[in-house]
Amino acid sequence: MTESLRARLRGLRVVIEETPSAEFQDALEHLVPADDEVARLVHRTLSEPTSVPKKNVIVLQRGEPILATTVRARQDRWEIATTTVAPTLPIPCREGMLEPALSSLGLRILIVDHVGDAHADFARHRLVPFDSYVATLNGFDFEAYWRSTRLWEDLRRVERKTAEWDIVHDDPATLDWSIDTWEGRWTDHPNDEAGAADDLRALWPELLRMKRLMSTALVTPDGSAVASTVNIIDGDTLVGLITARDVAMPTSTGSVGTRVAVECFNAARSAGLAKVDIGGYHDHYKRRLTPAGRVAYGVEIEPRIFSAGMAERAEHVARSTKRGLRRLARR
């Protein structure tokens, strides 16, 4: 059964547009909680065109919106546009309808870190599990852990080398530097991550003003930033978004990025937060900072006739049949 036929049988109608229409804005009003000022700002802003192709999508069931979101081009797929910008926000959708609504679009969609129960929400699609590294800020012996991962001496060295440098928090100019430096690092990289940069510039200064964003940077005596991290507050957790570093810094200085990460932990603790979730991938340095704290899931939505489970079972049957035929041929 094709996705389009499946959608029609469910009574779904799909609208895909390049610029936000009144219908899209109305659908957001319907699906985003009225008291969530940040979510409303983010979704409205992301619906505006940037230098990277986007699609604003609406799915309606019997005239009522059940999904309204924006997707951004990334490699040969479309990523949910909140990726990197504000990934802790759930996709605006009616409860229980996320998988059929996204599948009905007929697009190849990537959800980098799904907010919610991935197994329940996407039973028909491929899930990609990965470890996310979480620093518990109170009651955890960081010194003992850093000694066990051989980070302790590296950290002591960079602190000695940069003792006269400043730690700057939540500075708008440093935030701009972070975005520009991060974009320069990842532009033309195969993972195509930097396509979010225009949206970061459009939204992050306002989220910083609203105190939903926290940034920490290491700055030399002449005022030049050399490393930074930008994070978003989600309840009692600070969630990592991007890191940036001046690659021209001599290695003899030590790991300036590590010092910034530790200062970020300290700032989150001072703000009364309980955890810092620095995300997954790049495990070689993240696991030196903090243990894995949760299993996260990426979701790969593919237009398909059969569910992922059915395809796996069919593959298993095909392999079993092939082995049986080989045994029969030998006999």
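Residues numbered from 1 in each chain as written. Predicted model: local features only at pLDDT ≥ 70, side-chain atom pairs only at ≥ 80, totals over all residues. Heavy atoms only, no water.

A. Here's a closer look at the overall build of the chain. Each helix and strand counted, the chain has 12 helices and 12 strands in total. When each of the 331 residues of the chain is scored for burial, the buried share is 48%. A sequence separation of at least 24 residues applies to 73% of the contacts in the chain between residues at least 6 apart. Entry remark: accessible area of the chain is about 16,500 Å², with carbon and sulfur atoms responsible for 52%. (Helix = DSSP H or I, 4+ residues; strand = E, 2+ residues; numbered from the N terminus. Buried < 20%, exposed > 50% of the residue type's maximum accessible area, 1.4 Å probe, protein only. Contact = heavy atoms within 4.5 Å. Areas by Shrake-Rupley, 256 points an atom, 1.4 Å probe, with all protein chains shown as cover.)

B. Up close: the pairing of strand β6 (residues 126–136). Pairing of β6 with strand β12 (residues 292–301) involves eight bridges; the strand directions are antiparallel. Its bridge partner being in β12, F130 is matched across the sheet by A296. In this sheet, strand β11 (residues 275–277) lies alongside β6 in antiparallel orientation, the contact comprising three bridges. Each residue of the ladder has a partner; that of T136, found in β11, is K275. (Pairing = 2+ DSSP bridges.)

C. Quick peek at the sheet that holds β12. Read across the open sheet, the 12 strands follow the order β1-β2-β3-β4-β5-β12-β6-β11-β10-β9-β8-β7; overall the sheet is mixed. Either end of the sheet is taken by a strand with one partner, and the two such strands are β1 (12–17) and β7 (166–169). Taken pair by pair, the neighbouring strands of this sheet meet at an average axis angle of 30°, ignoring direction. Sheet topology places strand β4 (residues 77–80) next to strand β5 (residues 109–111); two bridges connect them, and they run parallel. Its bridge partner lying in β5, W78 is registered against I109. In the packing of helix α9 (residues 197–209) onto the sheet, contacts are made with β2 (54–61), β3 (64–74), β8 (213–219), β9 (225–234) and β10 (237–245), and the angle to β8 comes to roughly 100°. Across the sheet, helix α10 (residues 256–270) is in contact with β6, β7, β8, β9, β10 and β11; its angle to β8 comes to roughly 140°. (Axes fitted to C-alpha atoms, helices over the stretch in contact; angles between N-to-C directions.)

D. Structural detail: the pattern of salt bridges. Per the counting criterion, the structure on display carries 25 salt bridges. Put simply, R294 and D113 hold a salt bridge, and the shortest N to O gap is 2.7 Å. Placement of the pair is R294 in strand β12 and D113 in the loop between β5 and α5 (118–121), with a sequence separation of 181 residues. A residue is classified by how much of its surface remains accessible, and D113, at 23% relative accessible area, is partly exposed. Between R126 and E300 there is a salt bridge whose closest N-O contact spans 2.8 Å. (Salt bridge = Lys/Arg side-chain N within 4 Å of Asp/Glu carboxyl O.)

E. Molecular detail of the pairing of β4. As paired strands, β3 and β4 are joined by four bridges and run antiparallel to one another. Considered in β4, the bridge of V71 is made with I80. The loop that links β3 with its antiparallel partner β4 comprises two residues; one of these, Q75, has a positive phi angle of about 55°. With helix α4 (residues 98–103) bridging β4 and the parallel β5, this β-α-β connection has right-handed handedness. (Right-handed = clockwise from strand over helix to strand, strands pointing away.)

F. View of the packing of helix α7 (residues 152–161) against α10. Relative orientation of the contacting elements α7 and α10 amounts to 95°, with a least axis distance of 9 Å. Our classification of the angle between α7 and α10 gives roughly perpendicular. Of α10, the residues touching α7 (which contributes L155, V158 and E159) are V256, T258, R259 and V262. Across the contact of α7 with α10, the residue classes break down as four nonpolar, one polar and two charged. (Parallel < 35°, antiparallel > 145°, perpendicular 65-115°, else oblique. Nonpolar A, V, L, I, M, F, W, Y, C, P; charged D, E, K, R; others polar.)

G. Structural context of α10. Taking 1.5 Å as the rise per residue, α10 with 15 residues should run 21 Å; its terminal C-alpha atoms sit 21 Å apart, in good agreement. Those residues of α10 that sit buried are V256, T258, R259, V260, A261, V262, E263, C264, F265, A267 and A268. (Expected span 1.5 Å × (residues − 1).)

H. Representation of the environment of I278 in the model. Mapped onto the elements of the fold, I278 is located in the loop between β11 and α11 (283–289). What makes I278 buried here is its relative accessible area of 17%. With near-sequence residues (within four places) excluded, I278 lies in contact with Y133, G240, F265, K286, L289 and T290.

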